[in-house]
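Report on the structure
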Amino acid sequence: MWRNSKPVQLTGRISVGLFTIILVLSGCGSGENINKSARTDNTPNIAMDVPPSLTGSQQNFVGQSGVNALAYSSAANAVGQPCAYLVDDKEDHFRNGYQMTKLLVSAIATWSCIGDLLIDVSNFVDHDGAIHETDNNRDSEFYKPEDPTHYSVTDDSDSQTTVKMYYGYYRDTPPIPEDEPQFYISWNESGDDTLQGRIIVDARTINPGNRKLEDPIMLRMDFNYTSDEKAVDMFLRFDGGNKWAEGFRIHLVKDMNANPLESVYLARGLIEMKAQFLPVASIKEIPVVQLYTVSNRSGDGAAIAKFLDVSLPLKLSGGIIDNHLGNYLFSRDDKYYFDKQGQSDWIYKLVTDSEYRGGRTTPEIDGSWIPFNPSLDLIAGESGLNLGSDYFTDSKCAKINDKCNPLLNAIFDQHKYFDELEHNLGTEPQDWRSKAISNPINLESVYPNGHDWTDAFEFSFTPSI
C-alpha cells in the first residue's frame, strides 16, 4: 500500500552523459591520401571480446539517436563494424553495482573497438607525420562537427605508431604540428607480443554545440596486453559543470589463462564524488562508490558495490500532505549476481551503517493507509515494515544520529513497499561467484598518479617495454 507514495530512488535517475564523447571517427585517411601498399597488415588488436552481459548490449545501434548515434563511425561503416556498445540511456545506471559496471565497461568496449578501427586504417595511409585533410570540409554544407577535419600518422619507432586527429579546423587555417589534437592514440608492439598503448580524447572542443555541462571533458584509456592478460585502465574527468562527480575510473582485466567457466574478467570501478546524489542540508559527508565485478567467458558473473556515506531522503507522500520519514546517511554492500543474458540470479543489499539526520515530519500515531498518510506506529507495525511496536522510540531511530539499520534494511528487503527502490531478490547461488567476490580489492584513486589530474591527459605515450 506504500506503492502510491512514489518515494525518490536511492541515487536518483542521473545521466552523466558518459557516451557524449563517443565520437564519429570518420574521414581518417580517405580519398587521395589512401595508400593501400604503405604497410603490410600485421595489425594488433586491442578488443577485449567482452561478453554482452558486461556491456548491456552487443554493438547495438538500432534506434539510437542524438549523442548516442555518435558512437557509429564512418570508418566503422567502411569495414562493416559499428562501435556502439551502448547501454540504455533510460536505465537508472546508479541503481546497483551491476548497472554501473555496464555503464563503464560499455565505454571500454566502445573505445577498444574505435582504437582497433584506427589501427586498421593506419595501415593504409602514409606514416609521414604530416597533417592531412580529411573529407570533412568545414566550409561544406555537409560538414559534420563530430568528425575530424585533419589527421596525422607517425612512426615513432620501428614498433610504435601514433595517430592524431584534429576537429573544427578550416582548410585555409589548418592545424600546425604545435597544436594539440583532440584525439590521440599511440601503440607499441614489442617483439615478445606485448602490446601497450594509450588513447586520449579532449571532449571540450569536439562538437561543442552538442555538449552538456555535466558531460566529461577528458578521457584517457591505457592498455597493456600480454600473452597472460589483457588490462585496460580508463579515466574520465569532469569539471565544475558536473555538480556531484569529479571523475570515474574503470579497470578491466581479462585473464588469458583462466578457466573459461570461472572468473575470466575482473572489472573494478571508482567514482570520485564531490557531492551527494541527493543533496540534504543536514548531510555534509561526501559519498564513496566502489565497484567490483567478475564474469566468466560466457557472461555469467557477479557484482559487488560499496556505497559509503550516501544520503537518502524518504519523503512518503507529495501534494498537500507533508509526510517525510526523514533524512538518512547510510553505507551499503550491494551484491548482484547475473546470468549471461544480464538477468538477476540474486540481489542482496545490506545496510552496514546508518544514521538518522533529521527532517522527519511523520506523525507518531493516528495515521492512515487510505488516504495515504501513515504514522510511525503504522510504519513500524505488522501492516507496515514489522519492526516492532516500540520502533522509532528511545534510541531506535528516533533521535539525531541514532542508528537506523533495521529500518533501511527492511525497506530494501520487502517487496510490497517502495516500488521505485530495487529490492532483495532470490537466494545466493553457491557457485564460483561467491568465492570470486568474497574479498574484493577495490581501486583507491580515480587519478593515474594517485592524487590529482596533473599530466593525466598529456598527448604522449612512452612504452615501458
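In short, a report on the structure. (Residues numbered from 1 in each chain as written. Predicted model: local features only at pLDDT ≥ 70, side-chain atom pairs only at ≥ 80, totals over all residues. Heavy atoms only, no water.)

Describing the overall build of the protein chain
- The helix and strand inventory of the protein chain stands at five helices and 13 strands.
- By sequence separation, contacts in the protein chain at least 24 residues apart represent 63% of the contacts at least 6 residues apart.
- In the form shown here, the protein chain has an accessible surface area of approximately 19800 Å², with 48% of it arising from carbon and sulfur atoms. (Helix = DSSP H or I, 4+ residues; strand = E, 2+ residues; numbered from the N terminus. Contact = heavy atoms within 4.5 Å. Areas by Shrake-Rupley, 256 points an atom, 1.4 Å probe, with all protein chains shown as cover.)

Side note on the pattern of salt bridges
- If you walk through the whole model with that rule in mind, you get 17 salt bridges.
- Residues Arg-198 and Asp-222 are paired through a salt bridge, measuring 2.8 Å at the closest nitrogen-oxygen approach. Here Arg-198, found in strand 5 (residues 195-202), pairs with Asp-222, found in strand 6 (residues 218-225); they are 24 residues apart in sequence, far enough to count as distant.
- The class for Asp-222 is buried, based on a relative accessible area of 16%. (Salt bridge = Lys/Arg side-chain N within 4 Å of Asp/Glu carboxyl O. Buried < 20%, exposed > 50% of the residue type's maximum accessible area, 1.4 Å probe, protein only.)

Concerning the state of the cysteines
- Under the counting rule described, the total for this entry stands at one disulfide.
- Here Cys-397 pairs with Cys-404 through a disulfide, and the sulfurs are 2.1 Å apart. Across the S-S bond linking Cys-397 and Cys-404, the dihedral sits near 95°, which makes this disulfide right-handed. Per residue, the accessibility class of Cys-397 equals that of Cys-404, and both read buried. (Disulfide = S-S within 2.5 Å.)

Observations concerning the environment of Ile-206
- On the secondary structure map, Ile-206 appears in the loop between strand 5 and strand 6.
- The buried category is assigned to Ile-206, whose relative accessible area is 5%.
- Taking the C-alpha atoms as reference points, Ile-206 and Gln-182, separated by 24 residues in sequence, lie 7.1 Å from one another.

Side note on helix 4 (residues 405-413)
- Helix 4 sits mainly inside the fold: seven of its nine residues count as buried.
- Listed in full, the buried residues belonging to helix 4 are Asn-405, Leu-407, Leu-408, Asn-409, Ala-410, Ile-411 and Phe-412.
- As for helix 4, its buried residues are in contact with strand 11 (301-317), strand 12 (323-338) and strand 13 (344-356).

Considering the nonpolar core
- Within the largest apolar cluster, 87 residues are counted, with the highest numbers of intra-cluster contacts made by Trp-111, Phe-183, Phe-248 and Leu-407.
- The element contributing the most residues to this core is helix 2 (residues 97-122), with 13 residues.
- When near neighbours in sequence (up to four residues on either side) are disregarded, Leu-407 contacts Leu-325, Tyr-328, Leu-385, Leu-387, Tyr-391, Phe-392 and Cys-397.
- Counting residues in each nonpolar core, the second largest holds 14 residues, with Met-218, Tyr-447, Ala-456 and Phe-461 among its members. (Core = buried A, V, L, I, M, F, W, Y, C linked by side-chain atoms within 4.5 Å.)

Structural notes on the pairing of strand 2 (residues 150-155)
- In this sheet, strand 2 lies alongside strand 1 (residues 132-133) in antiparallel orientation, the contact comprising two bridges. Bridge pairing links Glu-133 to His-150 in strand 2.
- In terms of strand pairing, strand 2 meets strand 3 (residues 160-166) through six bridges, oriented antiparallel. Looking at strand 3, one finds that His-150 is bridged to Tyr-166. (Pairing = 2+ DSSP bridges.)

Some points on the side chain of Asp-215
- As for its placement among the helices and strands, Asp-215 is situated in the loop between strand 5 and strand 6.
- Of the side chains with opposite charge, Arg-211 comes closest to the buried, unpaired Asp-215, at an N-O distance of 5.0 Å. (Lys, Arg positive; Asp, Glu negative; His and termini not counted.)

Side note on unusual backbone geometry
- The omega torsion of the bond from Ile-370 to Pro-371 falls at -5°, within 30 degrees of zero and hence cis.
- One can find Pro-371 in the loop between strand 13 and helix 3 (376-380).
- Positive phi, close to 55°, is recorded for Asp-309, a residue that is not glycine.
- For Asp-309, a relative accessible area of 30% corresponds to the partly exposed category.
- The phi angle at Asp-366 is positive, at roughly 65°, despite the residue not being glycine.
- Assignment of secondary structure puts Asp-366 in the loop between strand 13 and helix 3.

Some remarks on the packing of aromatic side chains
- What the rule picks out here adds up to 17 aromatic pairs.
- Ring geometry for Tyr-166 and Tyr-169: centres 6.3 Å apart, planes at 80°, overall edge-to-face. Of the two residues examined, Tyr-166 and Tyr-169, each falls in the buried class.
- Ring centres of Tyr-184 and Phe-459 lie 6.0 Å apart, and the angle between their planes is 70°; this geometry places the pair in the edge-to-face category. Highlighted residues: Tyr-184 in strand 4 (residues 183-189) and Phe-459 in the segment after helix 5 (432-436), separated in sequence by 275 residues. (Phe/Tyr/Trp six-rings, centres within 6.5 Å; stacked < 30°, edge-to-face > 60°.)

Re helix 2
- With 26 residues, helix 2 should reach 38 Å at 1.5 Å per residue; the first-to-last C-alpha distance of 37 Å fits that figure.
- Counting buried positions over the 26 residues of helix 2 gives 25, a clear majority of the element.
- The N-capping residue of helix 2, defined by a side-chain oxygen 3.0 Å from the backbone nitrogen of Tyr-98, is Asn-96. (Expected span 1.5 Å × (residues − 1). Polar contact = N/O pair within 3.5 Å; in protein donor to acceptor, adjacent residues only side chain to side chain.)

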